[in-house]
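# Geometric and topological summary
Chain by chain, the residues run as shown.
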Amino acid sequence: MVARVAGVFDEKLTEAIANSKVLVVGAGGIGCEILKNLVLTGFPNIEIIDLDTIDVSNLNRQFLFHKEHVGKSKAQVAKDSALSFNPNVNIVAHHDSVISNDYGVSYFKQFNIVMNALDNRVARNHVNRICLAANVPLIETGTAGYAGQIELIKKGLTQCYECQPKAPQKSFPGCTIRNTPSEPIHCIVWAKHLFNQLFGEEDPDQDVSPDTADPEAAGEAGASAMTSKETDAGNVERKSTRMWAAETDYDPQKLFSKLFGDDIRYLLSMENLWKKRRPPTPLTWDNLPGKDDTPTQHSGLPDQRVWSVYECAQVFATCCKSLQADLKGRPEGDHLVWDKDEKSAMDFVTACANIRAHIFNIQLKSRFEIKSMAGNIIPAIATANAIVAGIAVLRAQSILKGDIETCTSVYLRPKVNHRGQLFVPERTLTAPNPKCYVCAPKPEVALACNLKSLTLKDLNTALKEGLNMQAPDATVEGKGLVVLSSEPGETDHNNDKTLEEIGLNDGCALMVDDFLQNYEVRVRLQQEDEEKAWRLVTDVDEPMPAPKEQKPTNGANGNNEPKPGPSRPKDDDSDSDMEIIEEDDGVPTAKAPKRRRTEMTDEVVELC
Amino acid sequence: MVENNDMELSEAEAEQYDRQIRLWGLESQKRLRASKVLIIGLTGLGAEIAKNIILSGVKSVCLLDNEKLRETDLYSQFLSPPDKVGENRAEASLQRAKALNPMVEVTTETKSVDDLPDSFFTQFDIVCATGLKQEQLERINNACRDSNKKFLCGDVWGVFGYMFADLVDHEYSEEIVQHKAVKRGPDDTAKNPCEKVTINVKRRAIYVPLQNALSADWSKPELRSRLRRGDPSYFVMKILLRFRDENNRNPDPSKRKADTEILLRMRDEIVKELNLPNGFVSDALLTDVFGIVSGVAAVLGGVIAQEVVKAVSQREPPHNNMFFFNPIKCVGFVELYGQ
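Predicted model only: the values in this text are computed from it and were never measured. (Residues numbered from 1 in each chain as written. Chains lettered and ligands numbered in written order. Predicted model: local features only at pLDDT ≥ 70, side-chain atom pairs only at ≥ 80, totals over all residues. Heavy atoms only, no water.)

### Observations regarding the nonpolar core
Of all hydrophobic cores here, the largest spans 109 residues; its most connected members are I34, M115 and F423 of chain A together with I53 and L300 of chain B. Considering every element that reaches this core, the biggest residue donor is helix 15 (residues 382-401) of chain A, with 12 residues. (Core = buried A, V, L, I, M, F, W, Y, C linked by side-chain atoms within 4.5 Å. Buried < 20%, exposed > 50% of the residue type's maximum accessible area, 1.4 Å probe, protein only. Helix = DSSP H or I, 4+ residues; strand = E, 2+ residues; numbered from the N terminus.)

Listed below in structure tokens is the structure:
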């Protein structure tokens, strides 16, 4: 089974294709298209990995799937459909996460080319590192709406996925969420937190009650508010929202009165907050706006109609009951996981976000709009995916032909640029960043922190969140002392010790490695008394990813809400293959082309 | 012009088209749902166009082809199963085309375009023609034009591809993003607080027929200056259309050597006729123009289908009037010819 027709390609390419083995990571919008192109072209050996299952909203573009496949493995169905185009190719499908011991460096080494069709940073970082370690060329793809991009990543030849710092995730101060929302998204984040407080995994960082530590509220007013609070609602405050709700048997009216009445009145008592802001208006259950409204004619999707506050309260009541029942039906200690596609969960967030928006005089939104924002939905269409996948496979052909130097990045623009270009190729490959803490020959990074307060547990978090590691092991350079181990339990007893306590001081260096990623980095410790958490510093002084002081809310990666069960970000569904770019296409210059990468990720809440 | 029917979308439609409605809006989806599309030529390119358009949720798609499915079609044509070689290419594609989206009505027509009256073509809102000779393309284009129907055509030869559009007199709305200064309150720490506001602007684009675009006068200074940009794609298209017209077929992979010679001879003719600089159309551009390479069919099929969506939904600026994919640079660009 040679590239299927002699004479289409020159002999060299025909033979190279016949002897190739390609890995496709992701069987979503782009993955389906890539697989089709590979199979039709006659690539004889293909493996495809995807841990996701098929959803109805995939069907407008993931054309290897039909309605009867909903709920089935994407990788498996994609394989079966593609084989019907050309039964002479060998396809291996893995319904699995690519972030696993089973797909390590030796697994990746068997491929001539790896093609990424992913939708989240975590998996992209991971495949990037393994391809660097295995020295296999990686074609990285992504689309968002009409736009898209194709980029080659090859060790030593091009920059890697992590050479340029990524735009930080959008975050909101905790006190904005809890005390002073001013935009719909603040209310939506609050509503998702409330869902978790009541029905989901309780996270102390997702508190929904007034934040008395708000620095802005400090002063007499704040203080008096706090004292008065101690006498009446003080007890309630100290109890977890979940326990309090359980004690009231999730009585919708009581919950409503606390969340949208008492808590708001408490906020009003923090007078400093309202000196320059319009104060919120507490609501009472029996007197809700919109109760007597006559229904108006609505054109558009039912979900596009904005509910009145009265309707929101009714939905709130219904959802409280149905979610409570759902929670009760689960084994002790289990919890619900917010999912934009679960009706009650989505209704609950819509209702709560809008009630809160009304209180703070913020514009109410439709369920349709709130779903986009809460679920971080990135629009996706068949045509952009087809174009990006088509170019990706052409790039793969060029690599096999031996023309890897010609494989510059290509951007699909939503509209033509000033030169009439719709697909804009870069003029040259972008060289690796010599200071990259991932692909440099000897990767190095500094960790600025207060060694007196940073614990080993915090260090582990810093390595995972700051350096995108999956299972870090850390030893002290020159001493071989194991500080952190990825073996469960091995270093856990030291979790709460500070770095100073275990003998690490300013200027010490740790050798940190991740066996899953076959990645090792030297981490210099830099004492900073002022640093409250941690911060990564590279030699070039580029801003590095900031620490996430609180966990992201559900769906930290695009629309990948964790599903029940062992939580690990889904690594597929090219729904939201992201990474979009504008290239300024002016005069040719020697320096790296200007580009902007944006990535839609879920909000991260930071404390004030 | 596609009439926007006022019927609301069903729940099933809203669910299936959710990710695209969030991009182009409900109004566009309703217009799509009311539109009838004809696709001529079910090679790999026709299949790609058909796939994308059927997925988008138009009212109906008619697949027109009078040729039989060949073995060589299978390396880019995924709508026809391999066991249907020898059957009519449109009919062989019907079952899989329907399965892509049961909400779209898919039909076939197996007559040659030459045996069909003008009125056949004008019953559709938009026609996408592939694999036809210049004369056939111009006839259908003019028939559409006379009835104010939209016409697109395109081809893929090997790794090269082009598209032409004649949307006649096209009105559309364009979303423009503006930055409006705002002050959100004391929390706002942004340096220049501003809010993105999108507004819809009504616009109009006037097109010319295919014969104008194909007979562009290269002695005119405004076209002459275009040569400085150095992209010869327009001439590659001219050479390949001429090859098809004169040989009644496309360059054949099994006659790669002989056909390359013909192509190079035609190249020299065209260079002479249009007084182009020597070496402007390099040999390299004419070596990989055999068969249909799947990746390029996907690229052109994506571009053409997106133009269909823009044209019938009357949203976003459509390309006016030619698109070329130059595989050597991997650049895709739009140029206006014949105006």
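### Some words on the UniProt feature "active site" (unreviewed entry) in chain A
All names here are of chain A. Mapped onto the present numbering, the UniProt feature "active site" (unreviewed entry) falls on C175. If you trace the backbone, C175 turns up in helix 6 (residues 174-178). C175 sits in the buried class, given a relative accessible area of 8%. (UniProt positions renumbered as here; feature names shortened; annotations may be inferred.)

### Some words on the sheet that holds strand 15 (residues 534-537) of chain A
Residue and element names in this part refer to chain A. Strands sit in the order 12-11-13-14-10-15 across an open sheet of six strands; the sheet is mixed. Edge positions in the sheet fall to strand 12 (482-484) and strand 15, since each has one partner strand and no second. For this sheet, the mean inter-axis angle between neighbouring strands, taken without regard to orientation, is 30°. Relative to strand 12, strand 11 (residues 472-476) runs antiparallel, the two sharing two bridges. Across the sheet, A474 pairs through a bridge with L484, a residue of strand 12. (Pairing = 2+ DSSP bridges. Axes fitted to C-alpha atoms, helices over the stretch in contact; angles between N-to-C directions.)

### Here we look at the confidence of the model for chain A
All names here are of chain A. Scored by pLDDT, chain A has a mean of 84; 84% of the residues are at 70 or more. Counting interchain partners and residues more than four positions distant, the pLDDT-below-50 stretch residues 220-237 has 18 contacts. Per-residue pLDDT stays below 50 along residues 542-608; that stretch engages in 240 contacts with residues further than four places along the chain or on separate chains. (pLDDT = per-residue confidence, 0-100. Contact = heavy atoms within 4.5 Å.)

### Let's talk about the interface of chain A and chain B
Contact residues are listed per partner, giving 66 residues for chain A and 60 residues for chain B. Here chain A meets chain B over a buried area of about 5400 Å², counting both sides, of which 62% is carbon and sulfur. The interface formed by chain A and chain B includes four salt bridges. In this assembly, chain A and chain B are joined by 18 residue pairs in polar contact (both at pLDDT 80 or more). No other element matches helix 15 of chain A, which puts 10 residues into the side of chain A that touches chain B. Looking at side-chain class alone, the side of chain A that touches chain B contains 28 nonpolar, 21 polar and 17 charged residues. (Buried area = accessible area lost by both parts, 1.4 Å probe. Salt bridge = Lys/Arg side-chain N within 4 Å of Asp/Glu carboxyl O. Polar contact = N/O pair within 3.5 Å; in protein donor to acceptor, adjacent residues only side chain to side chain. Nonpolar A, V, L, I, M, F, W, Y, C, P; charged D, E, K, R; others polar.)

### Quick word on the packing of aromatic side chains
Aromatic ring pairs are described here by two measures, namely the spacing of the ring centres and the angle between the planes. All names here are of chain B. Counting across every chain of the model gives 32 aromatic pairs over all chains. Aromatic side chains W218 and Y337 sit 5.8 Å apart centroid to centroid with 45° between the ring planes, which places their arrangement in the tilted category. Here the residue W218 occupies a position in the loop between helix 7 (210-214) and helix 8 (221-224), and Y337 occupies one in the segment after strand 10 (331-335), the gap between them amounting to 119 residues. A relative accessible area of 2% means that Y337 is categorised as buried. (Phe/Tyr/Trp six-rings, centres within 6.5 Å; stacked < 30°, edge-to-face > 60°.)

### Some remarks on the pattern of salt bridges
Applying the stated criterion across every chain yields a total of 55 salt bridges over all chains. Measuring nitrogen to oxygen at the nearest pair gives 3.8 Å for the salt bridge that ties K401 of chain A to D10 of chain A. Taken together, the residues span a long stretch of sequence, with K401 of chain A in helix 15 and D10 of chain A in the segment before helix 1 (11-18) at a distance of 391 residues. Residue D10 of chain A is classed as partly exposed on the basis of its relative accessible area, which comes to 26%. For R89 of chain B, the salt bridge goes to D73 of chain B, with nearest N and O atoms at 3.2 Å. Within this pair, whereas R89 of chain B is found in helix 4 (residues 89-100), its partner D73 of chain B is found in the loop between strand 2 (60-64) and helix 4, the two being separated by 16 residues in sequence. Linked by salt bridges that have partners in common, D65, E67, R70, D73 and R89 of chain B make up one network.

### Quick notes on the pairing of strand 2 (residues 45-49) of chain A
The side chains of a regular strand alternate, first on one face of the sheet and then on the other. All names here are of chain A. The buried fraction of strand 2 is high, at four of five residues. Handedness of the β-α-β unit built from strand 1 (residues 21-25), helix 2 (residues 29-41) and strand 2 comes out right-handed. Where strand 2 lies against strand 3 (residues 90-94), five bridges are found, and the strand directions are parallel. Considered in strand 3, the bridge of N45 is made with N90. (Right-handed = clockwise from strand over helix to strand, strands pointing away.)

### Notes on helix 10 (residues 256-273) of chain B
Spacing of three or four residues puts side chains on the same side of an α-helix, whose turn is 3.6 residues. Residues and elements named next belong to chain B. With 18 residues, helix 10 ought to run about 26 Å at 1.5 Å a step, and its terminal C-alpha atoms sit 25 Å apart, in line with that. Of all the residues in helix 10, the buried ones are D259, T260, I262, L263, M266, R267, I270 and V271. Of the surrounding elements, those touching the buried residues of helix 10 are helix 9 (233-247). N275 sits one or two residues past helix 10 and shows a positive phi near 55°. (Expected span 1.5 Å × (residues − 1).)

### Examining the pairing of strand 6 (residues 160-166) of chain B
Residues and elements named next belong to chain B. Within strand 6, seven of the seven residues are buried, which leaves it mostly tucked inside the rest of the structure. With burial as the criterion, each face of strand 6 is covered, one bearing F160, Y162, F164 and D166 and the other bearing G161, M163 and A165. The sheet contact formed by strand 5 (residues 150-157) and strand 6 spans seven bridges and is antiparallel. Looking across to strand 6, one finds that W157 is bridged to F160. The hairpin formed by strand 5 and strand 6 contains two residues between the paired strands, and G158 there has a positive phi angle of roughly 65°. Judged from the four bridges that link them, strand 6 and strand 9 (residues 322-326) form a sheet pairing that is antiparallel. Bridge pairing in strand 9 links M163 to F323.

### So, the packing of helix 11 (residues 252-269) of chain A against helix 13 (residues 343-359) of chain A
Residues and elements named next belong to chain A. Look at helix 11 against helix 13: their axes get within 12 Å of each other, and the N-to-C directions meet at 25°. Classed by the angle they form, the pair helix 11 and helix 13 counts as roughly parallel. Pair helix 11 / helix 13 crosses with right-handed handedness. The residues of helix 13 that touch helix 11, namely those facing F256, F260 and I264, are C352, I355, R356 and I359. (Parallel < 35°, antiparallel > 145°, perpendicular 65-115°, else oblique. Left-handed = near helix turned anticlockwise from the far one by under 90°.)

### Here's the deal with the side chain of N196 of chain A
Residue and element names in this part refer to chain A. Within the secondary structure layout, N196 lies in helix 7 (residues 184-198). Exposure remark for N196: the relative accessible area of 5% places this residue in the buried category. Side-chain polar atoms of N196 contact the side chain of Q206, separated by 3.0 Å.

### A word on the environment of E135 of chain B
Residue and element names in this part refer to chain B. Relative to the helices and strands, E135 is located in helix 6 (residues 134-146). Residue E135 is classed as exposed on the basis of its relative accessible area of 67%. In the structure, E135 is positioned 110 residues away from D245 in sequence and 8.5 Å away in space, judged by C-alpha atoms.

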